[in-house]
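Architecture at a glance
Now for the letters of each chain:
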Amino acid sequence: MADAVAPGWTRAAAPDGTGFIRAGSGAPVLFIHGVGMNATIWQPQIERMVDRFDLIAIDMLGHGRSPLPPQEPELADYAAQAIRLLDHLGLDKVSVVGHSMGALVAQELALLAPERIRRVVSLNAVFRRPPDLAQAVLERAAALTGHGDAAGVAQTIARWFGDPVPAELTAAAGKAAAALSEVDPEGYARTYRLFARADGDHAERLQTLAMPALFITGSEDKNSSPAMSAAMARLAPHGRCTVLAGQRHMMAVAAPDLTSRCIAEFLNEGESLEQGAAADASFDSGEFRRALGSFLTGVTIVTTIGAEGEPRGFTANSFTSVSLDPPLVLVCIAHKALGHPVFATSKSFAINILNETQKAASGIFASKAADKFASVDWRPGKTGSPVLDGSVATFDCDLERLVEAGDHSILIGRVRDFQHNSSQPLGYCRGAYITPGLSQEALAAAQPGTDVGAILENGGRILFLETPDGFLELPRGRGLGSASDGKSLNGLLAAKAIEAQLGFLFAVWDDAGNPSRTHVYYRGTFDVPASSDRGIRLIDIDAIDGLKIADPAIRSMLTRYVRECTEDAFGVYVGNEVEGEVRPLARTAALNIGDQG
């Protein structure tokens, strides 16, 4: 593998014996691989970037064609090797991309010779390993003998790619295994021993990193975790963290398109670190507006990663949108809050809008509990900040600006990523929690003749039940009832194994033929049934018009539902089958998203 290069690429050696590959033309970029690899591991990036950049991939000391490092090397030895190569090639200033150990070398190079480096990309970098990980790495380093170790190669591949290796990653794993098998055992041992102890070498120096720096890792990389990348980005004055969902340690070869695109986009940005004057074409402003609409008079938990890589969070209801283009939101934190120093100096944070079942989490994050995150399930978002499971909406942000206002600080965030769903948000008013739906307890106490139904949506599809004569109807029953009452709405849903969540009231009308009978319909959501009940039909919202529905009142109600879905503005119909009015859930004047004066 070490000698395999594509046609048109140069495989050469510098006067000091350093091996390297060079290809392409444009702005120069130096690639530095991790322990056990060599310059050819960057083949996927070279193939994807060769038309836009002058790419140089180095064999670090003790790897590929390069000579051994000293017996007890330091990061400065590897950085000096890179500087000698740049001098040999006549390159005054480059951007540098490093992976794992190579990321530490890239940072060292930028700290030792900032005048030579434009931008730094650290892929899957380690930083201040927690004690258990640090001990495991030190033990592996101590066990190295300087001789080949086939079992060690297999164990490394399992850590990097999974055990067993997924079928779609077999080729990438084979490429990495080949490099590990070919590396000089002594070069590997000397370098790995340094790697095992150098994870804190830049803890006090990253704050002096002068150039824009991107720290990328995978959400599933346990040894170079999102918390590590977020902590480094926090310390670096021009740092930024990006977490690639579902990726592990060797994402450069396992997901080369995604990884190469992230690298190239960062390298192409202006030196001011502006994130683009125009909104990203992939950023859907319409969906962003709808996600912001999830927030009523709501409750949020705001999260970030602290200086030691620990998750931090607090409860807040002082959240609002600021701008759609660029996408900006804000939240406020009191100066007296224990977490104020952490959030005021953070490079990123996430805002999690809570659903109506998360009252307990709201209370815990509003308290002085020692380990607030032990009570919730969470994952690192794109910036590395914690994103809470079950949230109605999440906004993962870079800190755009910190504004001091009275006894609070205003955190203005530029949204990097967002998600939202149709579950019901938790509200807060006059010192008490509120839920937006009509009280179902009150409905349960209504007269037995009440016809209760639901418009249940999942991913743009509405759930219908097909009658024996081929008509479609919405799920409904006599009263809300319970799962054991087969005639009630809940009994019908239970019988068909439909997991539904009722939310807002949508329509209430009196039966024209029987004034004592009332029809009540809710909006709600459902989980796709696992049963094979052929009576269940899932119909796209756009295909509802023209369905075979017997009841004209239901047809009229569904026509309104489709229209209000399109407008993202819902009301409640009150009247009878013939006439009535739609009462809005909120006045239009109150929905000036982004225009608050």
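Here the structure is shown first, and the text comes after it.
Residues numbered from 1 in each chain as written. Predicted model: local features only at pLDDT ≥ 70, side-chain atom pairs only at ≥ 80, totals over all residues. Heavy atoms only, no water.

Focus: the packing of helix α4 (residues 131-143) against helix α7 (residues 185-197)
Threshold: Note on definitions: angles span 0 to 180 degrees between N-to-C directions of axes, and those axes are lines fitted to C-alpha atoms, for helices only across the stretch in contact. Secondary structure counts use DSSP, requiring at least four H or I residues in a row for a helix and at least two E residues in a row for a strand, with both numbered from the N terminus. Any angle that is under 35 degrees is reported as roughly parallel, and any over 145 degrees as roughly antiparallel; angles of 65 to 115 degrees are reported as roughly perpendicular and all others as oblique. Crossing handedness: left-handed means the near helix sits turned counterclockwise from the far one by under a right angle, and right-handed means the same turn made clockwise. When checking whether two residues touch, look at their non-hydrogen atoms; a contact exists if any pair is within 4.5 Å. Residue polarity is assigned by list, with Asp, Glu, Lys and Arg as charged and Ala, Val, Leu, Ile, Met, Phe, Trp, Tyr, Cys and Pro as nonpolar; anything else, Gly included, falls into the polar class.
In contact at an axis separation of 9 Å, α4 and α7 are set at 160 degrees when each is read in the N-to-C sense. Our classification of the angle between α4 and α7 gives roughly antiparallel. The two elements α4 and α7 meet at a crossing, and its hand is left-handed. Note on element contacts: α7 touches α4 through Tyr192, Arg193 and Ala196, opposite Val137, Leu138, Arg140 and Ala141. Here the residues of the contact of α4 with α7 sort into five nonpolar, no polar and two charged.

Side note on the nonpolar core
Basically, it comes down to this: Only buried residues count toward a nonpolar core, which is a set of Ala, Val, Leu, Ile, Met, Phe, Trp, Tyr and Cys residues joined through side-chain atoms within 4.5 Å. A simple rule labels every residue: compare its accessible area, found with a 1.4 Å probe on the protein chains alone, to the largest value its type can have, and call it buried under 20%, exposed over 50%, or partly exposed in between.
Judged by nonpolar contacts, the single largest core of 97 residues is most densely connected at Leu30, Trp42, Met101, Val121, Leu123, Ile157 and Phe161. No other element matches the eight residues that helix α3 (residues 101-112) contributes to this core. Leave out the neighbours within four places in its chain, and Met101 touches His33, Gly34, Val35, Met60, Leu75, Tyr78, Thr191, Leu194 and Phe195. Of all hydrophobic cores here, the second largest spans 21 residues; its members include Ile333, Phe343, Phe349 and Ile353.

Description of the side chain of Asp54
Here is the rule we go by: Whenever a nitrogen or oxygen atom comes within 3.5 Å of another N or O atom, the pair is scored as a polar contact, on the condition that within protein one atom can donate a hydrogen and the other can accept it, and that pairs from neighbouring residues in sequence are kept only if both atoms are in side chains.
Summarising the element assignment, Asp54 is placed in strand β4 (residues 53-58). By relative accessible area, Asp54 is classed as buried at 8%. In terms of polar contacts, Asp54 uses its side chain to reach the side chain of Arg22, at 2.6 Å. Contacts of Asp54, omitting those with residues within four sequence positions, involve Arg22, Ala23, Gly24, Ser25, Gly26, Ala27, Pro28, Val29 and Leu91.

Topic: helix α10 (residues 256-268)
For an α-helix, the turn length of 3.6 residues means that residues three or four places apart are oriented alike. Applied cut-off: For a helix, the expected span equals 1.5 Å multiplied by the residue count minus one.
Over its 13 residues, α10 extends 18 Å from the first C-alpha to the last, a length consistent with the 18 Å expected when each residue adds 1.5 Å. Among the residues of α10, those classed as buried are Pro256, Thr259, Ser260, Cys262, Ile263, Ala264, Phe266 and Leu267.

Thoughts on the environment of Arg555
With respect to the element layout, Arg555 can be found in helix α16 (residues 552-567). Sequence-wise, Arg555 and Glu473 are 82 residues apart; in three dimensions their C-alpha atoms are separated by 9.5 Å.

What about the sheet that holds strand β6 (residues 117-123)?
Convention followed: Pairs of strands are assigned from DSSP output, requiring at least two bridges between the strands.
Spatially, the eight strands line up as an open sheet ordered β1-β2-β4-β3-β5-β6-β7-β8, and their pairing is mixed. Each edge of the sheet is formed by a strand with only one pairing partner; in this case those strands are β1 (10-13) and β8 (239-244). The mean angle between the axes of side-by-side strands here comes to 20 degrees, regardless of whether they run parallel or antiparallel. The sheet contacts of α10 involve β3 (27-32), β4, β5 (94-99), β6, β7 (213-218) and β8, and relative to β6 the element is tilted by about 155 degrees.

Here we look at the sheet that holds strand β13 (residues 348-353)
Here seven strands make up an open sheet; going across it, the order is β10-β9-β13-β16-β17-β12-β11 and the pairing antiparallel. Every interior strand has two partners, whereas the edge strands, β10 (311-316) and β11 (319-323), have only one. Ignoring which end each strand starts from, the neighbouring axes of this sheet average 35 degrees apart. Note that strand β9 (residues 300-305) and β10 share six bridges and pair antiparallel. Bridged to Ile305 within β10 is Pro311.

A short note on the pairing of β8
Operational definition: The definition of a right-handed crossover adopted here requires that, viewed with the strands pointing away, the path from the first strand over the helix to the second runs clockwise.
Among the six residues that make up β8, six are buried, leaving the element largely enclosed by the rest of the structure. Taking every second residue as pointing to the same face, both faces of β8 are buried, with Gly239, Cys241 and Val243 on one and Arg240, Thr242 and Leu244 on the other. Summarising the sheet, β7 and β8 pair through six bridges and their orientation is parallel. The residue bridging Gly218 from the neighbouring strand is Leu244, located in β8. After leaving β7, the chain enters helix α8 (residues 226-235) and then returns to the sheet as β8, a path that is right-handed.

As for the packing of aromatic side chains
Put simply, the rule reads: Aromatic rings from Phe, Tyr and Trp, with only the six-membered ring used for Trp, were paired whenever their centres fell within 6.5 Å, and each pair was classed as stacked if the ring planes differed by under 30 degrees, edge-to-face if by over 60, and tilted otherwise.
For the structure on display, the rule yields 11 aromatic pairs. Judged by centre distance (6.1 Å) and plane angle (80 degrees), the ring pair of Phe288 and Phe395 falls under edge-to-face. With a gap of 107 residues between them, Phe288 in helix α11 (residues 285-292) and Phe395 in strand β16 (residues 393-405) connect regions that are remote in the sequence. Relative accessible area serves as the criterion here: at 0%, Phe288 is assigned to the buried category. Aromatic side chains Trp509 and Tyr521 sit 5.6 Å apart centroid to centroid with 5 degrees between the ring planes, which places their arrangement in the stacked category. Taken as a pair, Trp509 in strand β24 (residues 499-510) and Tyr521 in strand β25 (residues 518-527) lie far apart in primary sequence, 12 residues in all.

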